[in-house]
Amino acid sequence: MSKETKKPFRQSVAEWRQFVYNPNSGEFLGRTAKSWGLILLFYLVFYGFLAALFTFTMWVMLQTLSNDIPKYRDRISSPGLMISPKPDTALEFYFNKSDAQSYAEYVSTLRKFLETYDDSKQSQNINCTPGKVFDQNDVAVKKACRFNLSELGQCSGKEDKTFGYSKGTPCVLVKMNRIIGLKPEGEPYIQCTSKEPGAVEINYFPSGGLIDLMYFPYYGKTLHAHYLQPLVAVQLAINSNSTNEEIAIECNFSAFKPGVRTSKYETASCCRCCFKLP
Amino acid sequence: FLSFGIQDDHRLSTSQLEEKYGTSIDKGLSSTRAAEILARDGPNALTPPKATPEIVKFLKQMVGGFSILLWIGAVFSWISFGIQLAQGAESAFDNLYLGVVLAVVVILTGIFAYYQEAKSTNIMASFSKMIPQQALVIRDAEKKEMPADQLVVGDIVEIKGGDRIPADIRLIAAQGCKVDNSSLTGESEPQSRSCDFTHENPLETRNIAFYSTTCVEGTATGIVINTGDRTIIGRIASLASGVGNEKTPIAIEIEHFVYLVAGVAISIGVLFFIISVSMRYKILDSIIFLIGIIVANVPEGLLATVTVSLSLTAKRMAKKNCLVKNLEAVETLGSTSIICSDKTGTLTQNRMTVAHLWFDNQIYSADTSEDQTTQPFDQSSPSWTALSKIVTLCNRAEFRPGQENLPIMKRVVVGDASETALLKFAEVVLGDVMNIRARNKKVAEIPFNSTNKFQLSIHETDDPNDKRFLLVMKGAPERILERCSTIMINGKEEPLDSEKAEAFQTAYMELGGLGERVLGFCHLYLPENDFPDTYTFDTDSMNFPTSNLCFVGLLSMIDPPRSTVPDAVSKCRSAGIKVIMVTGDHPITAKAIAKSVGIISATSETVEDIAKRLNIPVEQVNRQEATAAVVNGMELKDMSLQELDEILCNHSEIVFARTSPQQKLIIVEGCQRQGAVVAVTGDGVNDSPALKKADIGIAMGIAGSDAAKNAADMVLLDDNFASIVTGVEEGRLIFDNLKKTIAYTLTKNIAELCPFLIYIIASIPMPIGTITILFIDLGTDIIPSVALAYEKAESDIMNRRPRNKKKDRLVNEQLAIYSYLQIGIMQSVGAFVTYFTVYAEQGFLPSTLLGVRVDWENNAINDFEDSYGQQWTKYQRTYLQWTGYTAFFVSITIQQVLYLTGSWWDKNMYY
């Protein structure tokens, strides 16, 4: 039966003080300065060694990697789709065609995005043969194909500086994720559908939402520095009769026209976009 | 002695008693009156200790120690889940599952532990099924057999040899009645009982017999004066329930461990809370991190591992005859530093055995082991032939028939302890005793009584040519010698001169000094002329000589130590465990046994021994010189606690003799005051308070009373002290192995925690998920942890001192630092290498990963760019993250396996 008598408070404080610093033995927190020094030294050496080992192992590992293509690409076998502009939060657009402020950000984002596609920036890019995979495996310096902004038609931002937002026909650019070595077959295209048929009319630029094969394959950041991924612009013309305030659009990528389904890159669904109208 | 105020019934005369209890000695109580009293007093049985309800036992397994830690973890997880759910986070359900898993682990482990304990309780219960006792009672002027629990105060009962006394009884008539009070006082010597008031103290007086003691021989009639819990034994038993149960050392250790883990968890948690707040994380996120860190520190698998390890050991101990009632007690024996052992039955065989013989002026030693089949001493002397004849013939004990196939030592004998010893001794040496007795027909007999102090019988001899009768006699040596005029030396009768009497005295003193019960034997061939064939012997008028006999020899008997005990005691010694004998027996006997088993070693002396050797008064002896001490209960009574402490401190070899149950308690407390972990062995009801008080009470499975078994934490199924040593070894082993298990478990804890910390600080994708961690803790790591419980003992395990309660902790600073800061960090580094490798090979070089957390986890970003310009959707990233989990998981698992293998090579790394 441990009958522990409570120590008086003053005594326990004194004991604590003694523990923190003991003037007699010069102990700090129960150890002398030398002992602490040795411990610190030990951990310094120990952790120093571990850090060195870590760094070395990482270095060796990095040596086994190529600069051009990742070792494995099995986690991204099919490409994803992404749109621009991308609203900050979820993929929800909210704008009022009579209020320029409500879509200014979308417009500026689009403008900025398309800057890289400006003709002046594409001076090194070549015109490739449409409809054919542009295989450059044997070429040391990989060329990039030119993507002509005019293909985006009304969504190129040249005629309509607001990309249709001011007219209530907003443009959204859909792009396919870059994946090294991906070679679609057939005639890949992008198709968007609305949940409520008839509520919205969808126009594609280039027409049919087609993506030309000449833009594939991609050879990676280092080898293929000037690569520009092909874009498809989707213009929505919202039916003025529609009572819906919200229109959900879903876009899919398909390598083949419906009915012919043999490729492994069959479909890739993307971003369900949601347009909220005032 | 005991301070129990017992009524002064022993002083009253028979008629006063009749008046007091409204009874009649001839007629007894009337049935109706008895029924009334029974209704008032309740049945004559000890109230069993209040059994804890099963549900409470079950719930107890669910809380306390580790379980608390896991419960807290579970609750925190749920809180975290609640917050995240409210925030709309995606992975919120991980926390819900984590909490559920933690709760399930606690519940399952609780069920398992409960089941284990219930199993050993069942084994115990099977022991305690006893045949209901019957008592012979006079009621309505008729003798009736009735169950003893129906007895009431005032009943007249008759008892005879072999009966258990059914209640506290004031004797009103007795013939040669002897009782064995060992269950009450621990004294093995039977005590005679009569109807005379001999002592003021009711416990010392001869005219009271106590409940639960046994009547060894004779008959008696008495009035029941106390029944049930009001009997002396009932009051002792109730002492036990007043003694609180101590926390087991392992429970204390686990508590300490929980504090340590909690301390580490909270410190790291708070530290990183501050860091994350200063890194501009949202407060709510920081709280989630805080909770996450605390929960990550909870060793989920440890509770299950510890429970399984303990029950494996308990199982192993049960195989070696140590039945553990309480799982935690498994370890207690290992940390025991003092064993207070009972003498009778534990250290000794609990039966009288012939130990020495004296004839032809020489002392011979007999074999006292449990399974003797021959006796090695010199049997060629004709004196021995004569002595053996007396031993065989002058003996009323008989074997129960039908046991011819049993070893002699195991056969059941009808007769008192001494006669039994002599009978078995004769059977071993001479062979069929019954046949010899049949050939030497008994013609007359005077049984032993306390006034004569001898036993005599007259026989025809088996020699057809010798028509003489043989008179044989045995008894107290000095009384026998008085009746002798000659002594047999080498088969020849020689006159008993003073020199020979001196030799007798010396031998008698020596044997008595060994604590042995000495009997003298003599005989006389009656002259044929005076006692022809047809002579009728009359034992009342004693028409035959009872003096001028021929003294043949002495036999001394003792309850010998079990043959395994000396070895066990010396093992305890080398294991640094002090063995103290606490007995109700006489100091001389106690000391003799203590010496023969090594509790008092051959070279050490008591104060009295030194005084004797130096021939100086006891007071002048320097007490520091004496390593051994024999303390009498009477001395103990007058001692202050300081004096007792001094004795316990200064002497390494101690025997307490003639101690009462309460004194046992005082001794145990004294030992505990020294900071020792005390184990107490005992069998009687009188031991139960001490058993309960002890850190580990060890009851005897065969001889032990129910009260003792109930109060004990452990039951020795074979009543053998040597089993305790096995228990100690197992206990130490499990402590060592638990240490290894915990070191093993804690190690990966850091490897599981580090990813989270780095995730917070460096904002890399989460390296390992909650579910994966659970897979390690409750999956891959459980089996190796349990395997550690099977680790063999280090060779020096029984040569170490018992661990110091205050210093040798289960989890000390060193082990924690070793696990956390050294191995844990190493494992983390290893696991991070695999993690970064997986990401790099998939396209994310380490430099790309730093600081990406927010974008990485953003559901709206589906074009997350890697180091090679490829773009990843959220789903693809999550998939990659899972791959990373797997890599981290595999890495930790492999490193744990390596660590385990390494710990085989480096056995001493835990000390």
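Please read all numbers here as calculations on a predicted model, not as lab measurements. (Residues numbered from 1 in each chain as written. Chains lettered and ligands numbered in written order. Predicted model: local features only at pLDDT ≥ 70, side-chain atom pairs only at ≥ 80, totals over all residues. Heavy atoms only, no water.)

(A) Main features of unusual backbone geometry. Following F205 of chain A, the chain continues to P206 of chain A via a peptide bond in cis, the omega torsion being -10°. Within the secondary structure layout, P206 of chain A lies in the loop between β8 (200–205) and β9 (231–238). Between F216 of chain A and P217 of chain A the backbone carries a cis peptide bond, its omega angle lying at -10°. Counting through the fold element by element, P217 of chain A comes out in the loop between β8 and β9. In the Ramachandran plot, A141 of chain B falls in the positive-phi region, its phi being about 65° despite a non-glycine side chain. With respect to the element layout, A141 of chain B can be found in the loop between β1 (134–139) and β2 (142–147). According to the relative accessible area criterion, A141 of chain B is partly exposed, its value standing at 46%. The phi angle at N490 of chain B is positive, at roughly 50°, despite the residue not being glycine. (Helix = DSSP H or I, 4+ residues; strand = E, 2+ residues; numbered from the N terminus. Buried < 20%, exposed > 50% of the residue type's maximum accessible area, 1.4 Å probe, protein only.)

(B) Broad picture of the pattern of salt bridges. Residues and elements named next belong to chain B. Inspection of every chain in the model, using the stated rule, returns 40 salt bridges over all chains. For R33, the salt bridge identified is with E36, shortest N-O distance 3.3 Å. Here R33 and its partner E36 are both found in helix α2 (residues 31–41), 3 residues apart, which amounts to about one turn of the helix. Between E857 and R853 there is a salt bridge whose closest N-O contact spans 3.7 Å. Classification of E857 as partly exposed rests on a relative accessible area of 33%. Here R853 falls in the buried class, since its relative accessible area comes to 12%. Through salt bridges that share partners, E253, E331, R803 and R809 make up one connected network. (Salt bridge = Lys/Arg side-chain N within 4 Å of Asp/Glu carboxyl O.)

(C) Representation of the confidence of the model for chain B in the model. Taken residue by residue, chain B gives an average pLDDT of 85. The fraction at 70 or more is 95%. For this predicted complex, the interface confidence comes out at an ipTM of 0.86, alongside a pTM of 0.78. (pLDDT = per-residue confidence, 0-100.)

(D) Main features of the side chain of D342 of chain B. Residue and element names in this part refer to chain B. One can find D342 in the loop between β9 (338–341) and β10 (353–359). Within the local environment of D342, its side chain forms a polar contact with the side chain of K664, the two groups lying 3.5 Å apart. Apart from residues no more than four positions distant in its own chain, D342 is found in contact with L347, V582, K664, T681, G682, D683 and D687. (Polar contact = N/O pair within 3.5 Å; in protein donor to acceptor, adjacent residues only side chain to side chain. Contact = heavy atoms within 4.5 Å.)

(E) The UniProt feature "transmembrane region" (unreviewed entry) in chain B, seen in detail. Residue and element names in this part refer to chain B. In the numbering used here, UniProt assigns the feature "transmembrane region" (unreviewed entry) to residues 63–84, 96–115, 257–281, 287–310, 815–838 and 882–901. As annotated, residues 63–84 has a helix share of 86% and a strand share of 0%, and its two end C-alpha atoms lie 28 Å apart. From the first C-alpha to the last, residues 815–838 spans 32 Å; its make-up is 100% helix and 0% strand. (UniProt positions renumbered as here; feature names shortened; annotations may be inferred.)

(F) Layout of the interface of chain A and chain B. Across the boundary between the two partners, chain A contributes 42 residues, which contact 37 residues of chain B. For the pair chain A and chain B, the summed buried surface comes to about 3,200 Å²; carbon and sulfur atoms form 57% of the total. For K71 of chain A, the salt bridge is made with E841 of chain B, and the minimal N-O distance between the two is 3.3 Å. Put simply, chain A and chain B have 16 residue pairs in polar contact (both at pLDDT 80 or more) between them. Only α2 (33–63), β4 (81–84) and β6 (171–176) of chain A provide two or more residues apiece to the side of chain A that touches chain B. No other element matches α2 of chain A, which puts 10 residues into the side of chain A that touches chain B. Here the residues of the side of chain A that touches chain B sort into 23 nonpolar, 9 polar and 10 charged. (Buried area = accessible area lost by both parts, 1.4 Å probe. Nonpolar A, V, L, I, M, F, W, Y, C, P; charged D, E, K, R; others polar.)

(G) A nonpolar patch on the surface, seen in detail. Residues and elements named next belong to chain B. The grouping of V75, W78, I79, V100, V104, I107, L108 and I111 at the surface amounts to a nonpolar patch, some 630 Å² of accessible area in total. Elements represented by at least two residues in the nonpolar patch include exactly α4 (66–87) and α5 (92–128). Per element, the largest residue contribution to the nonpolar patch is 5 residues, and it comes from α5. The residue I107 is located in helix α5 in this model. (Patch = residues over 30% accessible without salt bridge, like charges linked within 9 Å, V, L, I, M, F, W, Y side chains within 5 Å. Areas by Shrake-Rupley, 256 points an atom, 1.4 Å probe, with all protein chains shown as cover.)

(H) The sheet that holds β6 of chain A, seen in detail. All names here are of chain A. Judged by pairing direction, the sheet is antiparallel, and its 4 strands sit side by side in the order β4-β6-β9-β8 without closing on themselves. Bordering the open sheet on either side are β4 and β8, each of which pairs with just one other strand. Across the sheet, the axes of successive neighbouring strands diverge by a mean angle of 30°, strand direction being ignored. As defined by bridge partners, β8 adjoins β9 across 6 bridges and the pair is classed as antiparallel. Within β9, the residue paired with V200 across the bridge is I238. The sheet contacts of helix α3 (residues 100–115) involve β4, β6 and β9, and relative to β6 the element is tilted by about 40°. (Pairing = 2+ DSSP bridges. Axes fitted to C-alpha atoms, helices over the stretch in contact; angles between N-to-C directions.)

(I) Highlighting the environment of N207 of chain B. Residue and element names in this part refer to chain B. Position of N207 relative to the elements: it lies in the loop between β5 (191–193) and β6 (208–209). Classification of N207 as buried rests on a relative accessible area of 0%. Counting along the chain gives 197 residues from N207 to H10, while the straight-line C-alpha distance between them is 6.4 Å. Setting aside its immediate chain neighbours within four residues, N207 contacts H10, I169, R170, L171, S194, C195, D196 and F197. Engagement of the side chain of N207 in a polar contact is seen with the backbone oxygen of H10, the distance being 3.0 Å.

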